[in-house]
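The lines below spell out each chain.
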Amino acid sequence: MNSRVRIEVPDESGFGLSHLPYCVFRPRGEQPRVGARLGDSIIDLAVALDDPMFARPSLNAFMTQGPQCWREVREQVRTAAESELPAAAVHPVSSVRLDLPVEIGDYVDFYASLEHATALGRMLRPNGEALLPNWRHLPVGYHGRSGTVVVSGTDIIRPAGQRKTDSGVPDFGPTRRLDIEAELGFLVGVGSERGKSVPTGDFADHVFGVALVDDWSARDIQAWEGQPLGPFLGKSFATSLSAWVTPLDALAAARIPLPPQAPEPLPYLRDSELWGLDIELAVTWNGQQVSAPPYRRMYWSPAQMLAHMTVNGASLRTGDLFASGTISGEDREQRGSFMELTWAGTEPVDVAGAKRTFLEDADEVVITATAPATDGGRLTLGEVRGRIVPA
């Protein structure tokens, strides 16, 4: 007789029945497969639901099915998890390896925080306007490199490149100003037809869920190479993505209005629904929390980002990732990058008794987040972490 088990969920775990984030995991000696987290356990969906769609090494096959399927599966998982499950379908999180949950298509990074854009503008243009003329009219973004999106826990190799010197002639070597960017990523499930834009009201028909992102940045390389075309090698070496994808439906209680937008966006950018999100992040540097960025302050919504990303007719594909850009607030302790937190290195922060500005080898950064859950408590987004190793 097959044994059955009931998953006990610790109080305040953040991974209760109202959350159920997805992952791709490898039981010891087995192939990767899709799971859902409940408490400190992973439910093997191929076994629990008797569905071979989940015996695959990515979420893509499930994501492409669309919102109706997403909701049906979520309800099936919830129903199964409320009773006893086959023992073969339950694995402790601590006993498995977590893989990149999605086969990434394209990757786009935005610049959607007013506070972050203003702070960087003041640093880079101290005698000019902090915001460039287009910033309040459109969500500024750039195309990243999908091949260097890595799962949380992957070591980050310090990148090398050209660096500006005092003489104005560049030299070459490892970055001296390695930084983080605390972000929220959005994963596309359903693609779109080339030549047709996706309106803001169709956001939830295309986006499957969210995951925390750390978009690592080599500020000295970026500053030299970025004129005039923007980020390139200073950003493309690594982007860390959480192993856990929170479905959009789990964030229903976190949806809030955006901060005021002035001037009013052009018609294609006007949100028809509330897609501000009340998500609180925390940035930990070598075990010490140094920042608490508030996503609720973001100026541009993910629905507006998606509409702008496709308004020229660019198509979406299953697995596309777009991220918010650095999340920052008005106060110093809410800044989502070390460039801001240390004001370009001029105002060091104390980390375990040492004055620090940018990342050194062996440093580890962990980004976590919580949000209101539909059961009245709070859910915990899966963390994203990375440790710096030498060039």
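Residues numbered from 1 in each chain as written. Predicted model: local features only at pLDDT ≥ 70, side-chain atom pairs only at ≥ 80, totals over all residues. Heavy atoms only, no water.

Enquirer: Hey, could you run me through the overall build of the protein chain in this one?
Expert: Secondary structure assignment for the protein chain yields 9 helices and 28 strands. Since a compact globule built from 391 residues should have a radius of gyration of about 21 Å, the 21 Å found for the protein chain is in line with a globular shape. Evaluated residue by residue, the protein chain yields a buried proportion of 54% over its 391 residues. If you take every contact in the protein chain between residues at least 6 apart in sequence, the share linking residues at least 24 apart comes to 72%. Carbon and sulfur atoms make up 49% of the accessible area of the protein chain, which amounts to about 16,900 Å² in all. (Helix = DSSP H or I, 4+ residues; strand = E, 2+ residues; numbered from the N terminus. Rg over C-alpha atoms; globule rule 2.2 N^0.38 Å. Buried < 20%, exposed > 50% of the residue type's maximum accessible area, 1.4 Å probe, protein only. Contact = heavy atoms within 4.5 Å. Areas by Shrake-Rupley, 256 points an atom, 1.4 Å probe, with all protein chains shown as cover.)

Enquirer: What is the right way to look at the environment of Gly-313 in this model?
Expert: Position of Gly-313 relative to the elements: it lies in the loop between helix H8 (302-310) and strand E24 (321-323). A residue is classified by how much of its surface remains accessible, and Gly-313, at 9% relative accessible area, is buried. Taking the C-alpha atoms as reference points, Gly-313 and Ala-243, separated by 70 residues in sequence, lie 31 Å from one another. Ignoring anything within four residues of it in the chain, the contact list for Gly-313 reads Glu-193, Arg-194, Gly-195 and Lys-196.

Enquirer: I'm lost on unusual backbone geometry in this one. Help?
Expert: Residue Gln-227 is joined to Pro-228 through a cis peptide bond whose omega torsion reads 5°. Checked against the element boundaries, Pro-228 lands in the loop between helix H6 (219-225) and helix H7 (233-236). Cis geometry is adopted by the peptide bond preceding Pro-263, which originates at Ala-262 and carries an omega value of 0°. Notably, Ala-352 is not glycine yet its phi reads approximately 55°, a positive angle.

Enquirer: Looking at this model, I keep getting lost on the sheet that holds strand E6 (residues 90-92). Mind explaining?
Expert: To summarise the sheet geometry, strands pair through backbone hydrogen bonds and adopt either a parallel or an antiparallel arrangement. Reading across the sheet, the 5 strands line up as E6-E4-E3-E2-E7 and stay open at both edges, with antiparallel pairing between neighbours. In this open sheet, the two strands that pair with only one neighbour each are E6 and strand E7 (97-99). For this sheet the average axis-to-axis angle between neighbouring strands, irrespective of direction, equals 45°. With 4 bridges connecting them, strand E2 (residues 22-26) and strand E3 (residues 33-38) associate as antiparallel partners. Bridge pairing in E3 places Val-24 opposite Val-34. Strands E2, E3 and strand E4 (41-44) of the sheet are contacted by helix H3 (residues 67-81), whose axis makes an angle of about 65° with E2. (Pairing = 2+ DSSP bridges. Axes fitted to C-alpha atoms, helices over the stretch in contact; angles between N-to-C directions.)

Enquirer: Whenever I open this one, the packing of aromatic side chains confuses me. Can you help?
Expert: The final tally for this structure, using the stated rule, is 13 aromatic pairs. An angle of 70° between the planes, with centres 5.3 Å apart, marks the rings of Tyr-22 and Phe-62 as edge-to-face. Placement of Tyr-22 in strand E2 and of Phe-62 in helix H2 (residues 60-63) is noted, with a sequence separation of 40 residues between them. Both residues of the pair, Tyr-22 and Phe-62, count as buried. A centroid spacing of 5.2 Å and a plane angle of 75° characterise the contact between Tyr-299 and Trp-300, whose relative ring orientation is edge-to-face. Arg-37 extends its terminal NZ or CZ atom over the ring of Phe-15, reaching a point 3.8 Å from the ring centre. Directly above the aromatic system of Trp-244 lies the positively charged group of Arg-37, at a separation of 5.1 Å from the ring centroid. (Phe/Tyr/Trp six-rings, centres within 6.5 Å; stacked < 30°, edge-to-face > 60°. Lys NZ or Arg CZ within 6 Å of the ring centre and 35° of its normal.)

Enquirer: Quick question: what am I supposed to make of the environment of Val-349 here?
Expert: Position of Val-349 relative to the elements: it lies in strand E25 (residues 349-351). The class for Val-349 is buried, based on a relative accessible area of 10%. Sequence separation between Val-349 and Phe-338 is 11 residues, and the spatial gap between their C-alpha atoms is 9.2 Å.

Enquirer: Whenever I open this one, the pairing of E2 confuses me. Can you help?
Expert: Here is the key point about a regular strand: its side chains alternate between the two faces of the sheet. Most of E2 sits out of view: 4 of its 5 residues are buried. Where E2 folds back on E3, the antiparallel hairpin that results is connected by 6 residues, among which Gly-29 adopts a positive phi of roughly 80°. Judged from the 3 bridges that link them, E2 and E7 form a sheet pairing that is antiparallel. Paired with Phe-25 across the bridge in E7 is Leu-98.

Enquirer: Hey, could you run me through the environment of Ala-262 in this one?
Expert: Within the secondary structure, Ala-262 is located in the loop between strand E20 (255-256) and strand E21 (276-277). With 126 residues separating them in the primary sequence, Ala-262 and Arg-136 have C-alpha atoms 7.1 Å apart. Once residues within four sequence positions are removed from consideration, Ala-262 is found in contact with Arg-136 and Tyr-299.

Enquirer: Just checking my understanding: could you explain the pattern of salt bridges for this structure?
Expert: Close approach of charged atoms allows side chains with opposite charge to pair. Across all of its chains, the model carries 25 salt bridges by this definition. For Asp-179, the salt bridge is made with Arg-219, and the minimal N-O distance between the two is 2.8 Å. Of this pair, Asp-179 sits in strand E14 (residues 178-179) while Arg-219 sits in helix H6, and the two are 40 residues apart along the sequence. With a relative accessible area of 0%, Asp-179 lands in the buried category. Judged by its relative accessible area of 7%, Arg-219 falls in the buried class. For Arg-270, the salt bridge is made with Glu-264, and the minimal N-O distance between the two is 3.4 Å. Take Glu-264: its relative accessible area is 55%, and that puts it in the exposed class. Connected through salt bridges with shared partners, the residues Asp-179, Glu-181, Asp-215, Arg-219 and Lys-235 form a single ionic network. (Salt bridge = Lys/Arg side-chain N within 4 Å of Asp/Glu carboxyl O.)

Enquirer: For this particular structure, what's the right way to read the confidence of the model for the protein chain?
Expert: Regions with low pLDDT carry predicted coordinates that are not meant to be interpreted in detail. Residues of the protein chain with pLDDT of at least 70 account for 100%, and the chain-wide mean is 97. Mean pLDDT values for the elements of the protein chain range from 93 in strand E1 (residues 4-5) up to 99 in strand E18 (residues 239-241). (pLDDT = per-residue confidence, 0-100.)

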